[in-house]
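Residue strings, one per chain:
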Amino acid sequence: LAACFQYGRGVNQSMDNAVFWYRKAARRKNSDALNALGRIYEEGSFKGIEQDYAVAGEYYQRAADKEHLDAMTNLGFLYEKGLGVAQDVA
C-alpha cells in the first residue's frame, strides 16, 4: 500500500500516506518497508523528511538483519562512502 501511494499506482500519489504506511509496516519489522524508509532518509526526497544518513543506516541495518539484499547493498554503500557511519572499505 505504501508503494502505491509513493508511486501513485491505483491511488492518488501521496508521499505523506506513503511514509505513514511504510512506518506502520516497519513497526511490524517488514524488511521492504525498513529498506524503503532507509532510501527516503538517504535521499531526503520526501516533504518534511530531511536527508539523514545515520537514520538511513539504522533502517538499512534493521532490514539487512532480516536478510534484505537491497538493504545490505545500500548499507554497504553508506559504509564505503562514510555517510552517517564510520567509513569502512574492507
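Located above this text is the structure these notes cover.
From a predicted model like this one, the values you see are computed outputs, not experimental measurements. (Residues numbered from 1 in each chain as written. Predicted model: local features only at pLDDT ≥ 70, side-chain atom pairs only at ≥ 80, totals over all residues. Heavy atoms only, no water.)

Trainee: Mind showing me how you'd approach the overall build of the protein here?
Mentor: Helix and strand content of the protein: five helices and zero strands. Counting from the amino terminus, helix and strand elements in the protein follow one another as α-α-α-α-α. Principal axes of the C-alpha set define a box for the protein whose edges measure 45 × 25 × 20 Å. Expressed as a percentage of its 90 residues, the buried residues of the protein come to 34%. Long-range contacts, defined here as pairs at least 24 residues apart, represent 28% of the contacts in the protein between residues at least 6 apart. (Helix = DSSP H or I, 4+ residues; strand = E, 2+ residues; numbered from the N terminus. Buried < 20%, exposed > 50% of the residue type's maximum accessible area, 1.4 Å probe, protein only. Contact = heavy atoms within 4.5 Å.)

Trainee: Just checking my understanding: could you explain helix H2 (residues 15-27) for this structure?
Mentor: Because an α-helix packs 3.6 residues into every turn, residues spaced three or four apart end up facing the same way. With 13 residues, H2 should cover 18 Å at 1.5 Å per step; its first-to-last C-alpha distance of 18 Å lies within 8% of that length. Those residues of H2 that are buried are in contact with helix H1 (2-7), helix H3 (31-43) and helix H4 (53-64). Trailing H2 by a residue or two, Lys 29 shows a phi angle of about 65 degrees, which is positive. (Expected span 1.5 Å × (residues − 1).)

Trainee: Explain unusual backbone geometry here, please?
Mentor: In most cases, non-glycine residues show a negative phi, while peptide bonds are predominantly trans. At Lys 29, a residue that is not glycine, the phi angle is positive and equals roughly 65 degrees. For Lys 29, a relative accessible area of 53% gives the class exposed. Residue Glu 67 is not a glycine yet carries a positive backbone phi of 65 degrees. You can see Glu 67 is positioned in the loop between H4 and helix H5 (69-81). Among the residues examined, Glu 67 registers a relative accessible area of 64% and is labelled exposed.

Trainee: I'm lost on the packing of H2 against H3 in this one. Help?
Mentor: The relative placement of two packed helices comes down to the angle between their axes together with the axis-to-axis distance. As a packed pair, H2 and H3 sit with axes 8 Å apart at the nearest point and diverge in direction by 135 degrees. In terms of axis orientation, H2 runs oblique to H3. Seen from above, H2 lies across H3 with left-handed handedness. Residues Val 19, Tyr 22, Arg 23, Ala 25 and Ala 26 of H2 lie in contact with H3, whose contacting residues are Ala 33, Leu 34, Ala 36, Leu 37, Ile 40 and Tyr 41. Partitioned by chemical class, the residues of the contact of H2 with H3 number 10 nonpolar, no polar and one charged. (Axes fitted to C-alpha atoms, helices over the stretch in contact; angles between N-to-C directions. Parallel < 35°, antiparallel > 145°, perpendicular 65-115°, else oblique. Left-handed = near helix turned anticlockwise from the far one by under 90°. Nonpolar A, V, L, I, M, F, W, Y, C, P; charged D, E, K, R; others polar.)

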